[in-house]
Every structure is written in C-alpha cells, then in structure tokens.
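Topology and contacts: notes
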Amino acid sequence: MDAYLEGASCVSAQPSFSGGGLDELRAPAEARALRAVEPPYDEFFAPGQLRRTGRLARMSVAAARRAIAQAGAAAVDAVVTGSGLGCFEESEEFLVAMLEREEQFLNPSVFIQATHHAASSQVAFAVGCRGYHVNYAHRAFSFEAALLDAALLAGEGAAPRVLVGGMDELAPNYVRFHERAGLLPAPGEGAALGEGAAFFVLARERGPAALARLRGVGFAFRPEEPGELARLVAGFVAERLPGGAQPDLVLLGGTRGTGTGPLARIARELFPGSARAEFTRLCGEYHTASAFALWLAVRILGEGRVPQALPTEGAAPGAVRSVLILTHHQELEYAWTLLTVPEAPASLMPTLPAPW
Amino acid sequence: MTRRVVVTGLGLITALGDDAAATADALGASRSGLGPIVILETRHRGSFAIGEVRHTSAELRALAGTGEDDPGRTTLLGIIAAREAVAAARLAGFADAPTGLVSATTVAGMDLTEVLHGGAQRPEEFRTLLETHDCGHATERVADALGLRGPLATVSTACTSSANAILVAARLIRAGVLDRAVAGGCDALCRFVVNGFYSLRIVDPLPCRPFDDSRAGLTIGEGAAYLVLEAEQTAARRGARPLAEVRGWGVANDLFHQTGSSPEGDGALAAMRAALSAAGLDPGQVGWVNAHGTGTENNDLSEGRALVRLFGDRVPPFGSTKGATGHTMGAAGAVEAAISVLALQREIIYPNLNFSTPMKEIGLAPVTAPRSAPGLAHVLSNSLGFGGNCTSLLLSRV
C-alpha cells in the first residue's frame, strides 16, 4: 500500500486544531473524561446551521474542511469515515425522550441526527462530495477500516483524493455508564476517556502537498496470544521498512496510560530500539483515538521530533522518520498503522501486501 | 486480471420465514410477512403494520444456540443468517483461505439498551449495556458464532449499510486482501427505531404499497442476510459451486437532504450507472431491478424517475420486495441482494405486492405477480438511505 496524506486536521482535547506546532501540546489536567477543545465554528457553519448540528458533526465538519483546505484540494472524490459510537448524544436524547414521554411527541430531527453515520453524512454534504461514501462503526477497527478502504479506493484509480476521518464524542451518559460499570479510571490512574474528530486527505500520488506516506494498515481479532500478534506486527513492519529497521517511534493506544498489557509488552519486545509512547495520555481513550494518533504522527514527522508533552520510553527519540501506531480494544481487537515521511524508500514488496 | 467475486452460499431470515428457502417460497407465492405488531411491546400496537420475524427473542436465542446469554435481537438474527450462509457454502472452517466478516447494522444493541437504560442498577448491567450497545458488538458475536477470527469490519450507513458491506467485501477480495468474506447485515425491531420512523410520519398504517400512486409510507421490518463471497479461484479450488457473481457496484451521495432523495433521483441514477459501468453492462442487459421501493412518497417517485432517466422507455421488469418483507433497515441491502441471488438461481422475478395504480407523475408499473424468467442473467439491486447514500449492486448469473 502506498498513499499519501496531504491534509491532517484534528479537534481533540489538545489544542490540535489551532494549527500551532508540537510545543502547544500539553499533558492534560488530571480528569476522568477529556472534552475536546472545540474551535470557533463560524468559519464552518452559518448560525442557523450550527444550531441544528450536533457536536460530533460540528467537530467532524470543521476538521474535514480544514484538512481539505490544508491539502489545497479543490474537492475530494470520496468520503470514508470511522466512528465507534456515532452520534451518541443524539441517540441518548431520543432514547431518553422516548422513555420519559412513553413513545409520544418525539422529535424526528433528533432521530435522524442519531443515526450512526449522521455526522459522516453531514461531512459529505458540507464538502459537497457526490462520490463514494461509507462509514465504519467497529470499536478499535473503525478508523483503520476507513483508512484501509480509503487507500484501496485511491489505488483503484477512480478517487484520486479521498477524505478519510475518525470521530467519536464523549456524551455525559457514556461517562456515567462507565462510572456505574466501575470502568472509569480515577484521575491520575491512567488515561481518561476522550473524544475528537480527525480528518485527512489521502492521495494516491505523491504531490507537493504530501505530508506523510501511509505504508499500511493491519488488523487482528482474537489473536492467539502472544505469539500470533507479535508475528503479525513484526512481519508487517519487516515488509515495509528496509533492512530490518525499526520504526523511530511507536505510538500505543488502548493501554490507558498504564504501560501494561500485551500491546505494551509486544512493543517493547519487538521494537527495543524505538522510542515508545502512549498517545492516549494526550487525547484520552476512545474508539477512534488512533485518528488523533495519525494526526500526531503527521505533525511529528513534519517536525521530525517528539513533543515535550508526550513522555517516551525506550530509545531516546532522535529524528523521527517513521511512526507505527498500535492500538487495541479490550485485548480482542488490535489494529496498527505505519506512516513514514513522504520521501521514504519504496516498498520492498512490488504489489499490495496483505495487511496480516 | 480482475478477480471475479462469486457467491457460494447465502443465509436469510425475515418476516417471511427463518431461512432462505422460506423467504424464496413465500415471495414466489406472493405471500406477505407484513401484519399487526405482535411481538414488540410498544404503545403503537394496532397503529400500523410491521414486518416482524415470527419469533420471540427467547425463541431466537434457542434457534441461535446462545443459551441463557442474550446478545440482543439484532445479533441473534445475524447469527442465524450467517450460520445458514456458511453451511450453505459447505464451509467446515476457514483455514484454507484468508476469510473475513463484513457486517452491517444500524440498530445494533438498542433493543437491549432501551431496556437497560432506565432499569440498570448493578455494575454488571452497565457493563452489559456498554458491551452490547454498539455496532461492533453484533459483528463480533456473529464472528464468534461462526468460529471466524479473521479481519472484521462493520459498516453503518443507515438503509444502505449491508449493500455497502457486500461491495466492501467484494473490493477486499478483488484487491487480494481477502480470498473470502461473509458479507451482509442484521437489524431488529425495537421501540427506538419504530418510534423514530413513526415520528418522521413516513409509516403507512397499512402494509406498504411500493410505487403505487396512493402509497402512504413504509412498513418497518427486521431481518438478517449474509452472502459468502469468494474469489472465483478460491471457490473452484475447494469445489464450491458458485450461485451468482457480484459483478458490479456503485455508490453515490445524492446531496439533497439528510432524509429525502432529490426529486429527479440524481443519487440513485449515479449509483445505478456506476454499477452497470463497473459490470461492463448496458442498461438493456438488466433483467430485473430489485428496487429500494419503500413505499414512501419521496423515495418511490425519486427512484422511479431515476429508472426512467437510466432506461428511457425501456425500463426493465422492476419492483420492490418490501411489500413482503418490510423495510429491513440496515439489513435491507443484504436481504435484497440475497433475494436477487435466489431470483437468479430460480429464474424468477419476484412480485411487487400491493400495487394497483401507477404514480401519476410517471406511468411506471412494477411486476405484480411472480414471473418465470428463464435465462435471467443480471439483476440490479438498489438501496437508498438517510444521509443521501445511494448504493446499487449488480448481481449476475454464473
């Protein structure tokens, strides 16, 4: 797989949208839930429109349009997104009203806004794309499925530029359910729950706007621990980085900032020469947090260094030219993405290698 | 050389019956599965017709073999249909070729959530809510029921969801990422979704009348369907007999309105054109259009106009099977793709029920009785949904 990211924009708990550099990132205040820093929306919505648009859609449209602007693209040919929960707030709103009013006097607009892909559709409308449009909704696989689809689409030739994004919102009820379930970490005990929307323009050909090169996406569901997962990830990297090189930086997600679990162990074993960091310390844990990681990786590759706000272990990070993102959900789903600087050497494999 | 993607098995559960043969037999006899709400507990009982699978969730649990565990009605339907598909494809396991599951749903675990929401007290109940609520849960339970550990993906794009799942799976096979995929979707009735459609005022009190001038809305249904898709060589290598080919597909966004289609059917037209072009076929080669045809004023006129724009005065036999199954929401694309494969296999065009008068704006009349169609070679299956999504699949005889 070879595709290029030309635009990368992200709304998150970090000041990621402001366009500032890596030094603007900061370790977030200790909290159990990290809300996104939402941008001023008047650039992206007329006032009447904004009122009718839910939070997830707002964040998504803003990030999508900014990514397209950054890429200098006149238009995109397809929109592919991933969202683990979709528009959870609207879904809760309709459900609560339905239960309280005993199935009467319900607002249909809320129902429409509650469909899983409503935010994704609003992005397609906002950017005026009549082409291919699909939304994935599968936990830690959501964004990576969108990325794989987008790369395949670009490779198929009919969509030179694909807008690809990952977004999830943190609804108050979602936090409450976690608390009642005993699943919410105490402040300081690990990565909080988070939210965000990150969008990218993916192009088949390397152009002057290329920020990074997407080398591949991989998945595993219920791998036979520990050997199978390690083998899959090691093989994936070996096929893509020349001469047995390790990625300069490994970004881990789903580990809740604890540095423990099979993923953290595998990262240490496979990549002892890499700098390793848990990116969810910056953005919180959510199904499409790897989209934040991809944005972060693009920024890091652009500046060639790791930000102060992101503590690393392992090798002291030097010039960063390759980043491996590794995430999981409940140690059942694992997904990984490899990104390099645009001018990194060509794939060792001449054809599209299977991601696993 | 483009890899051909063939269908080697299918599974189907709808208001017409528990398996593919039951649905096909019912369609071929012009039977309808629509009727009063009997199973779902809702204040709207007696207000409108619906297309329920004729089993309580307890009965579905028995059919799905999940025992005491309740993964939710959507998932149960998915497990039943997926198992049938894999058995029909005569697959004992998946070790012989990289196999994945691409599933789709919109309701997901909402039937459980709406019960747990007010009622949960203990931590385990909240954990259950969190675990079962989302779309990915249904897919993973189906994968587990199949014993499939391969790559999983879940598509959720409202009414086009499982049509998109099928074409995504076909593209993964074409690209060599997979050699085989179980592809389709599942959606169950629950109060949330029934109230959602009802609040939009697009639900006909009576069973829906697709393409009829007096049509008054859709009939909500539930169901699940999966196709086993394989690269032609993968199927041949294990001696599997292909039932049909997924020959082409088209996806477009209408960009008109989140809940309505453009009056001229721009998105539907673009999707159908793209599917034909991808399949390398002319419009004149289509033997049957299995339309989305929900029975709403907006959809049927929009889609009807798209048919006229595409086919001119040679609109092929067309119709919607939703008068028999209801609108199975996220599962509709796969349900109707499966029905299209059955039509190709049995060389029959299934009827569009409850039609008597063409829409006054365009004088189109669907096929109203089952019609023998020897040599039926290509079927175009449409799914059009909220958010402007339009998907068209082209399925062909092999």
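Residues numbered from 1 in each chain as written. Chains lettered and ligands numbered in written order. Predicted model: local features only at pLDDT ≥ 70, side-chain atom pairs only at ≥ 80, totals over all residues. Heavy atoms only, no water.

**Focus on the overall build of chain A**
For clarity, the threshold we go by: Every helix listed is a DSSP run of H or I at least four residues long, and every strand listed is a run of E at least two residues long, numbered separately from the N terminus. C-alpha atoms define the radius of gyration, and 2.2 Å times the number of residues to the power 0.38 defines the globule rule. Buried means the residue's accessible area, taken with a 1.4 Å probe over protein chains only, is under 20% of the maximum for its type, while exposed means over 50%, and partly exposed covers the values in between. When checking whether two residues touch, look at their non-hydrogen atoms; a contact exists if any pair is within 4.5 Å. In this tally, Lys and Arg are treated as positive and Asp and Glu as negative; His is ignored, and so are the chain termini. In plain terms, the charge of a residue is placed at NZ if it is Lys, CZ if Arg, CG if Asp and CD if Glu.
When you go through chain A residue by residue, the secondary structure sums to 11 helices and 11 strands. Computed over C-alpha atoms, the radius of gyration of chain A comes to 19 Å, within 12% of the 21 Å expected from 2.2 N^0.38 for 356 residues, which places it in the range of a compact globule. In terms of principal-axis extent, the alpha carbons of chain A reach across some 65 × 45 × 40 Å. Scored against the burial criterion, the 356 residues of chain A give a buried share of 63%. Intrachain contacts of chain A at a sequence separation of at least 6 include 79% that bridge at least 24 residues. The distance from the centre of the 30 positive side-chain charges to the centre of the 38 negative ones in chain A is 3 Å.

**Focus on the overall build of chain B**
Quick reminder of the rule: All accessible-area figures derive from a Shrake-Rupley calculation using a 1.4 Å probe, and residue coverage is judged against the displayed protein chains alone.
The secondary structure content of chain B amounts to 13 helices and 14 strands. By the compact-globule yardstick of 21 Å for 398 residues, chain B fits well, its C-alpha radius of gyration being 19 Å. Over its C-alpha atoms, taken along the principal directions, chain B stretches across nearly 65 × 55 × 40 Å. For chain B, with 398 residues in total, the buried portion stands at 67%. Long-range pairs, those at least 24 residues apart, make up 78% of the contacts in chain B between residues at least 6 apart in sequence. Just so you have it, chain B exposes about 12,300 Å², and 50% of that area is on carbon and sulfur atoms. Put simply, chain B has 34 plus and 39 minus side-chain charges, and the middle of one group is 4 Å from the middle of the other.

**Considering the pattern of salt bridges**
Residues and elements named next belong to chain A. The condition that has to hold: A side-chain nitrogen of Lys or Arg and a carboxyl oxygen of Asp or Glu constitute a salt bridge if their distance falls within 4 Å.
Considering all chains together, one arrives at 41 salt bridges over all chains under this definition. Close ionic contact of glutamate 179 with arginine 32 constitutes a salt bridge, the shortest N to O distance being 3.2 Å. Of this pair, glutamate 179 sits in helix H7 (residues 172-180) while arginine 32 sits in the loop between strand E1 (3-11) and helix H1 (47-51), and the two are 147 residues apart along the sequence. Between arginine 35 and glutamate 89 there is a salt bridge; the shortest N-O distance is 4.0 Å. Highlighted residues: arginine 35 in the loop between E1 and H1 and glutamate 89 in helix H3 (residues 88-100), separated in sequence by 54 residues. Through salt bridges with shared partners, a single ionic network connects Arg35, Glu38, Arg55, Glu89 and Glu195.

**Section: the pairing of strand E13 (residues 378-384) of chain B**
All names here are of chain B. For the record, the criterion: Should DSSP find at least two bridges between two strands, the strands are taken to pair.
For E13, the tally of buried residues reaches 7 of 7 residues, placing the bulk of the element in the interior. Of the two faces of E13, both are covered, the one formed by His378, Leu380, Asn382 and Leu384 as well as the one formed by Val379, Ser381 and Ser383. Pairing of strand E9 (residues 288-290) with E13, which is carried by 3 bridges, proceeds in the parallel orientation. Within the sheet, the bridge partner assigned to tryptophan 288 lies in E13 and is valine 379. Two strands pair when backbone bridges link them, and E13 and strand E14 (residues 389-396) are joined in this way by 7 bridges, in the antiparallel orientation. By the bridge assignment for E14, valine 379 is matched with leucine 395. Hairpin connection between E13 and E14: a loop of 4 residues separates the two successive antiparallel strands, and glycine 387 in this loop has a positive phi of roughly 85 degrees.

**Digging into empty space enclosed by the protein**
Stated formally: Both site types are read off a 1 Å grid over the protein atoms alone. A 1.4 Å probe that fits but cannot get out defines a cavity, while an open set with protein on both sides within 12 Å along at least five of seven lines defines a pocket; lining residues have an atom within 4 Å of a point. Grid points are joined across faces, edges and corners, and a volume is the space filled by probe spheres set on the points. Throughout this entry, Asp, Glu, Lys and Arg are counted as charged residues, while Ala, Val, Leu, Ile, Met, Phe, Trp, Tyr, Cys and Pro are counted as nonpolar. The remaining residues, Gly among them, count as polar.
A full pass over the atoms with the stated rule returns 4 cavities of 30 Å³ or more. Reported here for the largest cavity is a volume of approximately 260 Å³. Among the elements that line the lining of the largest cavity, the one with the most residues is helix H8 (residues 191-199) of chain B, at 3 residues. Here the lining of the largest cavity is composed, by residue class, of 12 nonpolar, 6 polar and no charged. For the second largest cavity, the calculated volume is near 150 Å³. Contributing to the lining of the second largest cavity are 17 residues, with A:Ala145, A:Leu148, A:Phe219, B:Ala153 and B:Leu172 lying nearest its centre. For the lining of the second largest cavity, the secondary structure elements donating two or more residues are helix H6 (142-156) of chain A together with strand E4 (99-104), strand E5 (152-155) and helix H7 (161-174) of chain B. When residues of the lining of the second largest cavity are assigned to their parent elements, the largest contribution, 4 residues, is made by H6(A).

**Here's the deal with the interface of chain A and chain B**
Stated formally: By definition, the buried area sums, over both parts, the 1.4 Å-probe accessible area that each loses when the two are put together. In the analysis that follows, any N or O atom pair within 3.5 Å is treated as a polar contact, provided that within protein one partner can donate a hydrogen and the other can accept it, and provided that, for residues neighboring in sequence, both atoms belong to side chains.
Opposite the 62 residues of chain A that make contact, chain B presents 67 residues. In total, about 5,500 Å² of surface goes out of reach between chain A and chain B, with carbon and sulfur atoms giving 60% of it. Among the residues chain A hides against chain B, the three largest losses belong to A:Glu103, A:Phe125 and A:Phe221. Together they make up 13% of the total. Counting across the chain A and chain B interface gives 9 salt bridges. The shortest N-O distance in the salt bridge between B:Asp144 and A:Arg222 comes to 2.6 Å. The tally of links from chain A across to chain B stands at 30 residue pairs in polar contact (both at pLDDT 80 or more). Only H3, helix H4 (108-114), helix H5 (118-126), strand E3 (132-136), H6 and H7 of chain A provide two or more residues apiece to the side of chain A that touches chain B. Sorting elements by how many residues they give to the side of chain A that touches chain B places H3(A) first, with 8 residues.

**Section: the packing of aromatic side chains**
Heads up, the condition is: Working definition: a ring pair exists when centres of Phe, Tyr or Trp rings (six-membered ring for Trp) sit within 6.5 Å. Plane angles under 30 degrees give stacked, over 60 give edge-to-face, the rest tilted.
For the coordinates displayed, the defined rule picks out 16 aromatic pairs over all chains. Ring centres 6.0 Å apart and planes at 40 degrees place the aromatic pair A:Phe143 and A:Phe200 in the tilted group. You can see A:Phe143 sitting in helix H6 and its partner A:Phe200 sitting in strand E5 (residues 196-203), a full 57 residues away along the chain. The pair formed by A:Phe143 and A:Phe200 is uniform in burial state, with each residue classed as buried. A centroid spacing of 6.3 Å and a plane angle of 70 degrees characterise the contact between B:Trp288 and B:Tyr350, whose relative ring orientation is edge-to-face. Of the two residues, B:Trp288 sits in strand E9 while B:Tyr350 sits in the loop between strand E11 (348-349) and strand E12 (371-372), which places them 62 residues apart along the sequence.

**Some thoughts on helix H2 (residues 55-71) of chain A**
Residue and element names in this part refer to chain A. Put simply, the rule is: Helix span, expected: 1.5 Å multiplied by one less than the number of residues in the helix.
Taking 1.5 Å of rise per residue, the 17 residues of H2 would be expected to cover 24 Å, and the 24 Å separating its terminal C-alpha atoms lies within 8% of that figure. The buried count for H2 comes to 12 of 17 residues, which makes it a mostly enclosed element. Among the residues of H2, Arg55, Leu56, Ala57, Met59, Ser60, Val61, Ala62, Ala63, Ala64, Ala67, Ile68 and Ala71 are the ones counted as buried. On its buried face, H2 sits against E1, H3, H5, strand E4 (161-168) and E5. Two residues or fewer after H2 comes glycine 72, characterised by a positive phi angle close to 65 degrees.

**Observations concerning the confidence of the model for chain B**
Basically, it comes down to this: On a range of 0 to 100, pLDDT expresses the predictor's confidence in each residue.
Mean pLDDT over chain B: 97, with 100% of residues reaching 70 or higher. Two summary scores accompany this predicted model of the complex, namely pTM at 0.97 and ipTM at 0.97.

**Things to note about the environment of A:Gly227**
Tracing the chain through its elements places A:Gly227 in helix H8 (residues 227-240). Considering only alpha carbons, one finds A:Gly227 and A:Leu339, 112 residues apart in sequence, at a separation of 24 Å.

**With respect to the nonpolar core**
The criterion, for reference: For this analysis, a nonpolar core means a set of buried residues of the types Ala, Val, Leu, Ile, Met, Phe, Trp, Tyr and Cys, connected via side-chain atoms within 4.5 Å.
A:Tyr132, A:Tyr136, A:Phe200, A:Leu251, A:Leu296 and B:Leu229 are the most contacted members of the largest nonpolar core, which totals 146 residues. Top contributing element to this core by residue count: helix H11 (residues 289-303) of chain A, with 11 residues. Formed by 31 residues, the second largest nonpolar core is a distinct cluster that contains A:Ala36, A:Cys87, A:Cys129 and A:Leu163.

**Observations regarding the pairing of strand E10 (residues 322-329) of chain A**
All names here are of chain A. Burial of E10 is extensive: 8 of the 8 residues sit out of reach of the surface. The alternating pattern of E10 places Ser322, Leu324, Leu326 and His328 on one face and Val323, Ile325, Thr327 and His329 on the opposite face, and all of these are buried. Here strand E7 (residues 249-253) pairs with E10 via 5 bridges, running parallel. Each residue of the ladder has a partner; that of leucine 251, found in E10, is isoleucine 325. Note: E10 against strand E11 (residues 333-340), 8 bridges, orientation antiparallel.

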